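Examination of the molecular architecture
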Amino acid sequence: MHRLPSPISNPENTVFLEAAQKNQLLLKYCNSCKEAHYYPRTICPHCGSDDTTWVNSDGLGEIYSYTVMRRGVEVPFAMAYVRLQEGISMLTHLTNCDFDSIRIGQKVRVVFQETQDGQKTHLFEPI
Amino acid sequence: MSFASNACIAGIYEHPLRVAPDHTVAQLHAEVARGALLDAGLTLDDVDGYFCAGDAPGMGPVSMADYLGLKKLKYLDSTDTGGSSYLTHVNHAARAIAAGQCKVALITLAGRPKSEGSSGTQVRSQWASAPDFAFEKPYSPAPLNTYAMCAMRHMHEFGTTSEQLAWIKVAASHHAQHNPNAALKDVLTVEDVLNSPMIADPLHRADCCVVTDSGGALVVVHPDIAKTLKKPVVTMMGAGETTKGQMGGKVDLTYSGLAWAAPLAFKEAKLTPEQIRYASIYDSFTITVLIQLEDLGFCKKGEGGKFVEGGQLISGKGKLAFNTDGGGLCNNHPANRGGMTKVIEAVRQLRGEAHPAVQVPNLEFALASGIGGALGTRHGAAVLILGRL
(Lines give C-alpha, C1' and ligand atoms only; values in the text may rest on other atoms or scores of the structure.)
Protein backbone atom coordinates (compact mmCIF):
# COMPACT_ATOMS: atom_id res chain seq x y z
CA MET A 1 0.00 0.00 0.00
CA HIS A 2 1.09 3.59 -0.65
CA ARG A 3 2.64 5.08 2.52
CA LEU A 4 1.18 8.51 3.10
CA PRO A 5 3.44 11.43 4.04
CA SER A 6 2.29 13.22 7.20
CA PRO A 7 0.49 16.56 7.30
CA ILE A 8 2.50 19.52 8.61
CA SER A 9 1.38 20.73 12.03
CA ASN A 10 1.11 24.49 12.51
CA PRO A 11 -0.73 26.85 14.89
CA GLU A 12 -3.65 27.16 12.46
CA ASN A 13 -4.36 23.46 12.00
CA THR A 14 -3.55 21.66 15.27
CA VAL A 15 -7.26 21.39 16.20
CA PHE A 16 -7.98 19.83 12.81
CA LEU A 17 -5.08 17.36 13.07
CA GLU A 18 -5.87 16.40 16.67
CA ALA A 19 -9.48 15.65 15.69
CA ALA A 20 -8.24 13.39 12.91
CA GLN A 21 -6.39 11.29 15.51
CA LYS A 22 -9.86 10.65 17.02
CA ASN A 23 -11.37 9.80 13.60
CA GLN A 24 -13.18 13.11 13.40
CA LEU A 25 -13.34 15.33 10.33
CA LEU A 26 -13.60 19.01 11.19
CA LEU A 27 -14.45 21.88 8.87
CA LYS A 28 -14.25 25.58 9.43
CA TYR A 29 -17.63 27.36 9.38
CA CYS A 30 -18.15 31.12 9.18
CA ASN A 31 -20.79 32.56 11.51
CA SER A 32 -20.89 35.72 9.42
CA CYS A 33 -21.52 34.42 5.86
CA LYS A 34 -22.90 31.04 7.05
CA GLU A 35 -20.57 29.10 4.74
CA ALA A 36 -18.09 26.31 5.41
CA HIS A 37 -14.67 26.35 3.81
CA TYR A 38 -11.72 24.04 3.20
CA TYR A 39 -8.80 23.99 3.76
CA PRO A 40 -9.43 25.57 7.18
CA ARG A 41 -8.28 29.12 7.94
CA THR A 42 -8.63 31.52 10.86
CA ILE A 43 -10.15 34.20 8.59
CA CYS A 44 -13.00 33.14 6.29
CA PRO A 45 -11.81 33.07 2.63
CA HIS A 46 -15.37 33.64 1.41
CA CYS A 47 -16.13 36.89 3.26
CA GLY A 48 -13.08 37.94 5.29
CA SER A 49 -14.77 37.59 8.70
CA ASP A 50 -12.74 36.41 11.70
CA ASP A 51 -15.86 34.84 13.25
CA THR A 52 -15.03 31.26 12.20
CA THR A 53 -15.60 28.12 14.22
CA TRP A 54 -14.78 24.41 13.98
CA VAL A 55 -17.72 22.15 13.13
CA ASN A 56 -18.00 18.38 12.82
CA SER A 57 -18.58 16.90 9.38
CA ASP A 58 -20.24 13.53 8.76
CA GLY A 59 -17.63 13.04 6.06
CA LEU A 60 -20.17 12.06 3.42
CA GLY A 61 -19.92 13.19 -0.16
CA GLU A 62 -19.25 12.21 -3.75
CA ILE A 63 -16.27 12.05 -6.06
CA TYR A 64 -15.94 15.35 -7.99
CA SER A 65 -12.86 14.20 -9.91
CA TYR A 66 -10.04 11.70 -9.52
CA THR A 67 -6.92 10.24 -11.07
CA VAL A 68 -4.92 7.09 -10.55
CA MET A 69 -1.24 7.94 -10.22
CA ARG A 70 0.25 4.90 -11.93
CA ARG A 71 3.87 5.84 -12.70
CA GLY A 72 6.65 7.87 -11.16
CA VAL A 73 5.60 6.77 -7.66
CA GLU A 74 6.61 3.69 -5.64
CA VAL A 75 3.06 2.44 -5.25
CA PRO A 76 0.10 3.66 -7.35
CA PHE A 77 -2.54 5.70 -5.52
CA ALA A 78 -5.92 7.23 -6.32
CA MET A 79 -6.16 10.97 -5.77
CA ALA A 80 -9.53 12.72 -5.75
CA TYR A 81 -11.48 15.81 -5.00
CA VAL A 82 -14.40 14.73 -2.83
CA ARG A 83 -17.33 17.15 -2.69
CA LEU A 84 -18.83 16.94 0.79
CA GLN A 85 -22.53 17.27 1.56
CA GLU A 86 -21.58 20.66 3.03
CA GLY A 87 -20.88 21.78 -0.56
CA ILE A 88 -17.12 22.12 -0.41
CA SER A 89 -14.45 19.90 -1.93
CA MET A 90 -11.31 18.42 -0.37
CA LEU A 91 -8.16 17.12 -2.01
CA THR A 92 -7.75 13.54 -0.73
CA HIS A 93 -7.09 9.92 -1.62
CA LEU A 94 -9.54 7.11 -2.28
CA THR A 95 -8.98 3.79 -0.54
CA ASN A 96 -10.56 0.36 -0.05
CA CYS A 97 -11.60 0.18 -3.70
CA ASP A 98 -10.59 -1.17 -7.10
CA PHE A 99 -8.83 1.78 -8.76
CA ASP A 100 -10.18 0.73 -12.16
CA SER A 101 -13.79 0.95 -11.02
CA ILE A 102 -13.72 4.50 -9.59
CA ARG A 103 -16.32 6.81 -11.14
CA ILE A 104 -17.04 10.52 -10.83
CA GLY A 105 -20.27 10.97 -8.84
CA GLN A 106 -19.68 7.85 -6.72
CA LYS A 107 -20.84 8.24 -3.08
CA VAL A 108 -18.02 8.07 -0.55
CA ARG A 109 -17.42 8.42 3.19
CA VAL A 110 -14.43 9.49 5.23
CA VAL A 111 -12.03 6.95 6.76
CA PHE A 112 -8.84 7.65 8.67
CA GLN A 113 -5.52 6.03 7.86
CA GLU A 114 -2.11 6.16 9.44
CA THR A 115 0.63 8.10 7.70
CA GLN A 116 4.33 7.18 7.60
CA ASP A 117 4.94 8.38 11.15
CA GLY A 118 1.73 7.05 12.68
CA GLN A 119 -0.42 10.19 12.54
CA LYS A 120 -3.90 9.73 11.12
CA THR A 121 -5.22 11.59 8.10
CA HIS A 122 -8.51 11.53 6.22
CA LEU A 123 -9.17 9.47 3.09
CA PHE A 124 -12.44 8.40 1.51
CA GLU A 125 -13.91 5.03 0.53
CA PRO A 126 -16.86 4.23 -1.73
CA ILE A 127 -20.08 3.45 0.15
CA MET B 1 -3.89 54.05 -28.34
CA SER B 2 -4.37 52.16 -25.11
CA PHE B 3 -2.14 52.45 -22.08
CA ALA B 4 -0.29 49.18 -22.53
CA SER B 5 0.37 49.60 -26.26
CA ASN B 6 2.97 52.19 -25.31
CA ALA B 7 5.59 49.45 -25.01
CA CYS B 8 7.23 47.09 -27.49
CA ILE B 9 9.04 43.76 -27.34
CA ALA B 10 12.33 44.53 -29.04
CA GLY B 11 14.53 41.59 -28.07
CA ILE B 12 13.99 37.83 -27.76
CA TYR B 13 16.30 34.89 -27.16
CA GLU B 14 15.71 31.20 -26.47
CA HIS B 15 18.68 29.20 -25.22
CA PRO B 16 19.51 26.47 -27.77
CA LEU B 17 20.45 23.86 -25.14
CA ARG B 18 17.91 21.43 -23.72
CA VAL B 19 20.37 19.67 -21.38
CA ALA B 20 22.97 21.87 -19.68
CA PRO B 21 24.67 19.97 -16.84
CA ASP B 22 27.87 22.00 -17.25
CA HIS B 23 26.19 25.40 -16.91
CA THR B 24 25.22 27.20 -13.73
CA VAL B 25 21.68 28.55 -13.62
CA ALA B 26 23.05 32.09 -13.28
CA GLN B 27 25.20 31.49 -16.35
CA LEU B 28 22.13 30.47 -18.33
CA HIS B 29 20.43 33.70 -17.21
CA ALA B 30 23.45 35.68 -18.43
CA GLU B 31 23.58 33.89 -21.77
CA VAL B 32 19.90 34.49 -22.53
CA ALA B 33 20.15 38.13 -21.35
CA ARG B 34 23.07 38.67 -23.71
CA GLY B 35 21.21 36.93 -26.54
CA ALA B 36 18.07 39.05 -26.16
CA LEU B 37 20.03 42.32 -25.91
CA LEU B 38 22.05 41.42 -29.02
CA ASP B 39 18.80 40.55 -30.81
CA ALA B 40 17.42 43.98 -29.89
CA GLY B 41 20.63 45.82 -30.72
CA LEU B 42 20.99 47.08 -27.15
CA THR B 43 23.57 46.60 -24.38
CA LEU B 44 23.59 45.94 -20.64
CA ASP B 45 24.21 49.66 -20.20
CA ASP B 46 20.82 50.44 -21.76
CA VAL B 47 18.87 48.32 -19.25
CA ASP B 48 17.07 50.30 -16.53
CA GLY B 49 14.38 47.74 -15.61
CA TYR B 50 14.93 44.10 -14.59
CA PHE B 51 12.48 41.26 -14.07
CA CYS B 52 13.02 37.68 -12.91
CA ALA B 53 10.78 35.25 -11.01
CA GLY B 54 11.26 33.79 -7.55
CA ASP B 55 13.22 30.82 -8.85
CA ALA B 56 16.18 32.94 -9.98
CA PRO B 57 19.33 32.07 -8.00
CA GLY B 58 19.91 33.95 -4.76
CA MET B 59 17.79 36.88 -3.70
CA GLY B 60 16.03 37.38 -7.04
CA PRO B 61 16.88 40.67 -8.76
CA VAL B 62 19.43 41.61 -6.07
CA SER B 63 21.69 38.64 -6.81
CA MET B 64 20.95 38.49 -10.53
CA ALA B 65 21.45 42.20 -11.26
CA ASP B 66 24.81 42.05 -9.51
CA TYR B 67 25.79 38.90 -11.41
CA LEU B 68 24.62 40.24 -14.76
CA GLY B 69 26.27 43.63 -14.25
CA LEU B 70 23.12 45.76 -14.35
CA LYS B 71 24.15 49.07 -12.83
CA LYS B 72 21.44 51.52 -13.90
CA LEU B 73 18.28 49.88 -12.61
CA LYS B 74 15.33 52.07 -11.73
CA TYR B 75 12.62 49.42 -11.77
CA LEU B 76 12.54 45.86 -10.37
CA ASP B 77 9.91 43.11 -10.28
CA SER B 78 10.19 39.49 -9.15
CA THR B 79 6.53 38.48 -9.40
CA ASP B 80 6.35 34.70 -9.30
CA THR B 81 3.28 32.99 -10.74
CA GLY B 82 5.19 29.91 -11.87
CA GLY B 83 5.34 29.42 -15.63
CA SER B 84 3.02 32.35 -16.33
CA SER B 85 5.42 34.77 -14.58
CA TYR B 86 7.04 35.92 -17.82
CA LEU B 87 3.79 37.03 -19.45
CA THR B 88 3.02 38.89 -16.25
CA HIS B 89 6.50 40.45 -16.39
CA VAL B 90 5.87 41.71 -19.93
CA ASN B 91 2.58 43.23 -18.76
CA HIS B 92 4.22 44.87 -15.75
CA ALA B 93 7.18 46.09 -17.82
CA ALA B 94 4.81 47.65 -20.35
CA ARG B 95 2.90 49.46 -17.58
CA ALA B 96 6.14 50.67 -16.00
CA ILE B 97 7.43 51.95 -19.34
CA ALA B 98 4.12 53.67 -20.09
CA ALA B 99 4.27 55.31 -16.65
CA GLY B 100 7.80 56.56 -17.28
CA GLN B 101 9.41 54.35 -14.63
CA CYS B 102 11.92 52.78 -17.04
CA LYS B 103 12.67 52.59 -20.76
CA VAL B 104 14.46 49.26 -21.36
CA ALA B 105 13.27 46.28 -19.33
CA LEU B 106 15.12 42.96 -19.36
CA ILE B 107 13.25 39.76 -18.37
CA THR B 108 15.20 36.53 -17.84
CA LEU B 109 14.39 32.90 -17.05
CA ALA B 110 16.68 29.88 -16.73
CA GLY B 111 16.82 26.55 -14.96
CA ARG B 112 18.18 23.01 -15.06
CA PRO B 113 15.33 20.69 -14.04
CA LYS B 114 16.48 18.02 -16.51
CA SER B 115 19.97 17.79 -15.00
CA GLU B 116 18.56 18.03 -11.49
CA GLY B 117 16.20 15.06 -12.01
CA SER B 118 12.89 16.95 -11.85
CA SER B 119 9.72 15.12 -12.91
CA GLY B 120 6.09 16.15 -13.19
CA THR B 121 5.18 13.16 -11.04
CA GLN B 122 6.98 14.67 -8.02
CA VAL B 123 5.70 17.06 -5.39
CA ARG B 124 7.34 20.44 -6.07
CA SER B 125 9.69 21.54 -3.30
CA GLN B 126 8.69 25.21 -3.63
CA TRP B 127 5.14 24.28 -2.58
CA ALA B 128 6.38 23.08 0.84
CA SER B 129 5.85 26.38 2.70
CA ALA B 130 2.39 27.04 1.21
CA PRO B 131 -0.50 27.14 3.71
CA ASP B 132 -2.45 24.54 1.71
CA PHE B 133 0.43 22.09 1.76
CA ALA B 134 0.09 21.53 5.52
CA PHE B 135 -3.22 19.83 4.68
CA GLU B 136 -2.45 18.44 1.24
CA LYS B 137 0.99 16.92 1.82
CA PRO B 138 -0.35 13.43 2.69
CA TYR B 139 -1.86 13.21 -0.79
CA SER B 140 1.29 14.06 -2.80
CA PRO B 141 -0.13 16.73 -5.12
CA ALA B 142 2.15 16.96 -8.17
CA PRO B 143 1.74 18.60 -11.56
CA LEU B 144 0.65 15.35 -13.22
CA ASN B 145 -2.02 14.18 -10.82
CA THR B 146 -3.60 17.59 -10.30
CA TYR B 147 -3.79 18.37 -14.04
CA ALA B 148 -5.09 14.84 -14.62
CA MET B 149 -8.07 15.57 -12.38
CA CYS B 150 -8.89 18.60 -14.57
CA ALA B 151 -8.86 16.35 -17.63
CA MET B 152 -11.01 13.71 -15.92
CA ARG B 153 -13.64 16.28 -14.91
CA HIS B 154 -13.64 17.89 -18.38
CA MET B 155 -14.23 14.48 -19.93
CA HIS B 156 -17.06 13.83 -17.46
CA GLU B 157 -18.86 17.13 -18.00
CA PHE B 158 -18.33 17.65 -21.73
CA GLY B 159 -17.52 14.24 -23.24
CA THR B 160 -13.97 15.26 -24.15
CA THR B 161 -11.91 12.25 -25.27
CA SER B 162 -8.28 11.12 -25.02
CA GLU B 163 -8.19 11.17 -28.83
CA GLN B 164 -9.08 14.86 -28.84
CA LEU B 165 -6.39 15.63 -26.27
CA ALA B 166 -3.92 13.65 -28.37
CA TRP B 167 -4.55 15.92 -31.37
CA ILE B 168 -2.96 18.77 -29.40
CA LYS B 169 0.29 16.81 -29.03
CA VAL B 170 0.11 15.72 -32.67
CA ALA B 171 -0.12 19.36 -33.80
CA ALA B 172 2.83 20.36 -31.61
CA SER B 173 4.89 17.48 -33.01
CA HIS B 174 4.13 18.59 -36.59
CA HIS B 175 5.68 21.94 -35.73
CA ALA B 176 8.63 20.56 -33.73
CA GLN B 177 9.93 18.56 -36.72
CA HIS B 178 11.08 21.90 -38.21
CA ASN B 179 12.87 23.06 -35.04
CA PRO B 180 16.45 21.73 -34.89
CA ASN B 181 16.68 22.56 -31.18
CA ALA B 182 13.43 20.79 -30.19
CA ALA B 183 13.78 18.14 -27.47
CA LEU B 184 11.34 15.89 -29.38
CA LYS B 185 11.39 16.12 -33.18
CA ASP B 186 9.40 13.04 -34.25
CA VAL B 187 5.98 13.58 -35.81
CA LEU B 188 3.43 11.68 -33.74
CA THR B 189 0.01 10.24 -34.56
CA VAL B 190 -3.02 10.11 -32.28
CA GLU B 191 -2.28 6.39 -31.84
CA ASP B 192 1.30 7.15 -30.77
CA VAL B 193 -0.03 9.39 -28.00
CA LEU B 194 -2.65 6.89 -26.86
CA ASN B 195 -0.12 4.05 -26.92
CA SER B 196 2.35 5.91 -24.69
CA PRO B 197 2.27 4.77 -21.04
CA MET B 198 -0.56 5.97 -18.81
CA ILE B 199 0.99 8.13 -16.09
CA ALA B 200 -2.01 9.59 -14.25
CA ASP B 201 -5.43 8.72 -15.72
CA PRO B 202 -6.33 10.03 -18.28
CA LEU B 203 -2.95 11.61 -19.09
CA HIS B 204 -0.41 9.54 -21.03
CA ARG B 205 3.29 10.27 -21.15
CA ALA B 206 2.80 11.98 -24.52
CA ASP B 207 0.14 14.27 -23.04
CA CYS B 208 2.96 15.83 -20.98
CA CYS B 209 5.48 18.52 -21.82
CA VAL B 210 9.21 17.90 -21.89
CA VAL B 211 11.53 18.61 -18.96
CA THR B 212 14.45 20.71 -20.17
CA ASP B 213 17.42 22.70 -18.95
CA SER B 214 17.28 25.97 -20.83
CA GLY B 215 16.13 29.54 -20.59
CA GLY B 216 14.95 32.59 -22.41
CA ALA B 217 14.93 36.35 -22.23
CA LEU B 218 12.91 39.31 -23.46
CA VAL B 219 13.65 43.00 -23.83
CA VAL B 220 10.65 45.33 -23.52
CA VAL B 221 11.28 48.93 -24.56
CA HIS B 222 9.65 52.32 -24.96
CA PRO B 223 8.26 52.80 -28.50
CA ASP B 224 10.69 55.70 -29.10
CA ILE B 225 13.57 53.23 -28.63
CA ALA B 226 11.88 50.46 -30.64
CA LYS B 227 11.66 52.78 -33.66
CA THR B 228 15.46 53.23 -33.66
CA LEU B 229 16.15 49.45 -33.73
CA LYS B 230 16.46 47.18 -36.76
CA LYS B 231 13.90 44.49 -35.94
CA PRO B 232 10.22 44.76 -36.89
CA VAL B 233 8.34 46.47 -34.06
CA VAL B 234 6.10 44.21 -31.98
CA THR B 235 3.81 46.11 -29.65
CA MET B 236 1.83 45.19 -26.55
CA MET B 237 -1.85 45.74 -27.33
CA GLY B 238 -3.52 44.25 -24.28
CA ALA B 239 -2.92 42.06 -21.28
CA GLY B 240 -4.72 40.37 -18.44
CA GLU B 241 -3.57 38.44 -15.40
CA THR B 242 -5.05 36.82 -12.33
CA THR B 243 -4.87 33.84 -10.00
CA LYS B 244 -7.41 31.09 -9.40
CA GLY B 245 -7.45 28.48 -6.67
CA GLN B 246 -9.80 26.20 -4.80
CA MET B 247 -12.04 29.12 -3.85
CA GLY B 248 -12.38 28.10 -0.22
CA GLY B 249 -13.47 24.63 -1.31
CA LYS B 250 -15.83 25.64 -4.12
CA VAL B 251 -13.58 23.79 -6.53
CA ASP B 252 -14.32 24.02 -10.26
CA LEU B 253 -11.72 22.30 -12.43
CA THR B 254 -13.38 23.05 -15.76
CA TYR B 255 -11.98 26.52 -16.25
CA SER B 256 -8.79 28.50 -15.64
CA GLY B 257 -8.17 32.05 -14.49
CA LEU B 258 -7.98 33.02 -18.16
CA ALA B 259 -11.77 32.99 -18.18
CA TRP B 260 -11.45 36.17 -16.10
CA ALA B 261 -8.19 37.58 -17.53
CA ALA B 262 -8.73 37.08 -21.28
CA PRO B 263 -11.77 39.38 -21.66
CA LEU B 264 -9.73 42.19 -20.08
CA ALA B 265 -6.91 41.67 -22.58
CA PHE B 266 -9.21 41.52 -25.61
CA LYS B 267 -11.06 44.63 -24.42
CA GLU B 268 -7.83 46.55 -24.00
CA ALA B 269 -6.54 45.42 -27.40
CA LYS B 270 -9.91 46.17 -29.01
CA LEU B 271 -9.80 42.78 -30.73
CA THR B 272 -11.85 39.58 -30.67
CA PRO B 273 -10.63 35.97 -30.67
CA GLU B 274 -11.78 35.63 -34.30
CA GLN B 275 -9.04 38.10 -35.31
CA ILE B 276 -6.25 35.93 -33.85
CA ARG B 277 -4.65 33.52 -36.34
CA TYR B 278 -1.61 32.57 -34.23
CA ALA B 279 -1.61 31.78 -30.51
CA SER B 280 1.11 30.55 -28.16
CA ILE B 281 -0.94 28.54 -25.68
CA TYR B 282 0.73 27.31 -22.48
CA ASP B 283 1.15 23.58 -22.92
CA SER B 284 2.37 21.90 -19.76
CA PHE B 285 -0.13 19.16 -20.66
CA THR B 286 -2.58 18.68 -23.51
CA ILE B 287 -5.51 19.43 -21.17
CA THR B 288 -3.92 22.79 -20.27
CA VAL B 289 -4.23 23.85 -23.91
CA LEU B 290 -7.78 22.61 -24.32
CA ILE B 291 -9.13 24.45 -21.28
CA GLN B 292 -7.33 27.68 -22.26
CA LEU B 293 -8.70 27.58 -25.83
CA GLU B 294 -12.16 27.69 -24.30
CA ASP B 295 -11.33 30.34 -21.69
CA LEU B 296 -9.62 32.56 -24.29
CA GLY B 297 -12.82 32.50 -26.33
CA PHE B 298 -11.60 30.54 -29.37
CA CYS B 299 -14.57 28.21 -28.77
CA LYS B 300 -17.36 27.79 -26.25
CA LYS B 301 -16.79 26.10 -22.87
CA GLY B 302 -16.88 22.36 -23.37
CA GLU B 303 -16.19 22.50 -27.13
CA GLY B 304 -12.40 22.48 -26.95
CA GLY B 305 -12.25 18.82 -27.90
CA LYS B 306 -14.12 19.38 -31.16
CA PHE B 307 -12.06 22.54 -31.80
CA VAL B 308 -8.70 20.71 -31.83
CA GLU B 309 -9.77 17.54 -33.65
CA GLY B 310 -8.25 16.64 -36.99
CA GLY B 311 -5.22 18.93 -36.79
CA GLN B 312 -6.98 22.27 -36.40
CA LEU B 313 -3.97 23.65 -34.47
CA ILE B 314 -1.44 22.78 -37.22
CA SER B 315 -0.03 25.83 -38.98
CA GLY B 316 -1.15 26.04 -42.62
CA LYS B 317 -3.78 23.34 -42.12
CA GLY B 318 -6.02 24.28 -39.21
CA LYS B 319 -8.06 27.29 -38.23
CA LEU B 320 -5.65 28.43 -35.48
CA ALA B 321 -1.87 27.92 -35.65
CA PHE B 322 -0.50 27.24 -32.16
CA ASN B 323 2.97 26.78 -30.66
CA THR B 324 4.81 26.66 -33.98
CA ASP B 325 8.16 26.08 -32.23
CA GLY B 326 6.82 22.74 -30.99
CA GLY B 327 5.77 24.27 -27.66
CA GLY B 328 6.45 22.83 -24.26
CA LEU B 329 4.95 19.57 -25.46
CA CYS B 330 7.84 18.94 -27.90
CA ASN B 331 10.37 21.78 -28.03
CA ASN B 332 11.27 23.34 -24.69
CA HIS B 333 9.82 23.91 -21.21
CA PRO B 334 12.78 25.66 -19.60
CA ALA B 335 12.96 25.47 -15.80
CA ASN B 336 9.49 23.84 -15.83
CA ARG B 337 8.22 27.30 -16.77
CA GLY B 338 6.83 27.63 -20.27
CA GLY B 339 5.62 31.23 -20.37
CA MET B 340 8.86 32.70 -21.66
CA THR B 341 8.99 30.53 -24.78
CA LYS B 342 5.31 31.30 -25.43
CA VAL B 343 6.11 35.00 -25.76
CA ILE B 344 9.26 34.34 -27.80
CA GLU B 345 7.48 32.29 -30.48
CA ALA B 346 4.62 34.81 -30.70
CA VAL B 347 7.20 37.57 -31.37
CA ARG B 348 8.98 35.36 -33.96
CA GLN B 349 5.64 34.91 -35.74
CA LEU B 350 4.88 38.64 -35.75
CA ARG B 351 8.37 39.44 -37.05
CA GLY B 352 8.09 36.76 -39.75
CA GLU B 353 11.02 34.92 -38.15
CA ALA B 354 9.29 31.60 -37.49
CA HIS B 355 10.43 28.58 -39.54
CA PRO B 356 9.08 29.02 -43.10
CA ALA B 357 7.20 25.72 -42.83
CA VAL B 358 5.15 27.02 -39.90
CA GLN B 359 5.17 30.82 -40.42
CA VAL B 360 1.65 32.28 -40.56
CA PRO B 361 1.67 34.66 -43.56
CA ASN B 362 1.00 38.39 -43.09
CA LEU B 363 0.35 38.08 -39.39
CA GLU B 364 -0.89 41.27 -37.71
CA PHE B 365 -1.86 40.02 -34.25
CA ALA B 366 -0.75 37.20 -31.96
CA LEU B 367 -1.73 35.97 -28.53
CA ALA B 368 0.34 34.32 -25.81
CA SER B 369 -1.17 32.72 -22.73
CA GLY B 370 0.23 31.15 -19.59
CA ILE B 371 -0.86 28.99 -16.69
CA GLY B 372 1.62 28.75 -13.81
CA GLY B 373 1.51 26.48 -10.79
CA ALA B 374 -1.14 23.77 -10.96
CA LEU B 375 -4.44 24.13 -12.78
CA GLY B 376 -5.99 21.54 -10.46
CA THR B 377 -5.15 23.31 -7.20
CA ARG B 378 -4.04 26.92 -7.60
CA HIS B 379 -2.49 28.75 -10.50
CA GLY B 380 -1.48 32.04 -12.03
CA ALA B 381 -3.00 32.91 -15.40
CA ALA B 382 -1.84 35.57 -17.83
CA VAL B 383 -2.45 36.56 -21.43
CA LEU B 384 -0.79 39.02 -23.79
CA ILE B 385 -2.13 40.27 -27.09
CA LEU B 386 0.63 41.52 -29.36
CA GLY B 387 0.58 43.29 -32.68
CA ARG B 388 3.00 44.21 -35.46
CA LEU B 389 3.19 47.94 -36.05
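Residues numbered from 1 in each chain as written. Chains lettered and ligands numbered in written order. Predicted model: local features only at pLDDT ≥ 70, side-chain atom pairs only at ≥ 80, totals over all residues. Heavy atoms only, no water.

1. Overview of the pairing of strand 1 (residues 25-30) of chain A
When a strand is regular, its side chains alternate between the sheet's two faces. All names here are of chain A. As a reminder, the rule being used: Each residue's exposure class comes from its accessible area (1.4 Å probe, protein chains only) as a fraction of the maximum for that residue type: buried when under 20%, exposed when over 50%, partly exposed otherwise. The helix count covers DSSP runs of H or I at least four residues long, the strand count covers runs of E at least two residues long, and both are numbered beginning at the N terminus. Strands were regarded as paired on the criterion that DSSP finds at least two bridges between them.
The element strand 1 is largely enclosed, with a buried count of 5 among its 6 residues. Of the pairings in the sheet, the one linking strand 1 to strand 3 (residues 52-57) comprises 6 bridges and is antiparallel in character. Residue pairing in the sheet places tyrosine 29 in a bridge with threonine 53 of strand 3. In terms of strand pairing, strand 1 meets strand 2 (residues 36-37) through 2 bridges, oriented antiparallel. Its bridge partner lying in strand 2, lysine 28 is registered against histidine 37. Connecting strand 1 to the next strand, strand 2, in antiparallel fashion are 5 residues, including lysine 34 with a positive phi near 60°.

2. Considering the side chain of Thr235(B)
Going by this rule: Nitrogen and oxygen atoms within 3.5 Å of one another constitute a polar contact, given that in protein one can donate a hydrogen and the other can accept it, and given that sequence-neighbouring residues count only through two side-chain atoms.
Secondary-structure assignment places Thr235(B) in strand 8 (residues 234-244). Reaching out from Thr235(B), the side chain makes a polar contact with the backbone oxygen of Ala7(B) at a distance of 3.2 Å.

3. Observations concerning the sheet that holds strand 11 (residues 365-374) of chain B
Residues and elements named next belong to chain B. The strand order across the open sheet built from 10 strands is 3-2-4-7-1-8-12-11-9-10, with neighbouring strands paired in mixed fashion. In this open sheet, the two strands that pair with only one neighbour each are strand 3 (75-77) and strand 10 (321-322). Sheet topology places strand 9 (residues 278-281) next to strand 10; 2 bridges connect them, and they run parallel. Counterpart to alanine 279 in the pairing with strand 10 is phenylalanine 322.

4. Some points on the packing of aromatic side chains
Heads up, the rule is: Two rings from Phe, Tyr or Trp (for Trp, the six-membered ring) form a pair when their centres sit within 6.5 Å of each other. Planes less than 30 degrees apart are called stacked, planes more than 60 degrees apart edge-to-face, and all others tilted.
A full pass over the atoms with the stated rule returns 8 aromatic pairs over all chains. Ring centres 5.2 Å apart and planes at 75° place the aromatic pair Phe16(A) and Phe135(B) in the edge-to-face group. Of this pair, Phe16(A) sits in helix 1 (residues 14-21) while Phe135(B) is found in helix 4 (residues 133-136), placing the two residues in two different chains. Considered together, Phe16(A) and Phe135(B) belong to a single accessibility category, that of buried residues.

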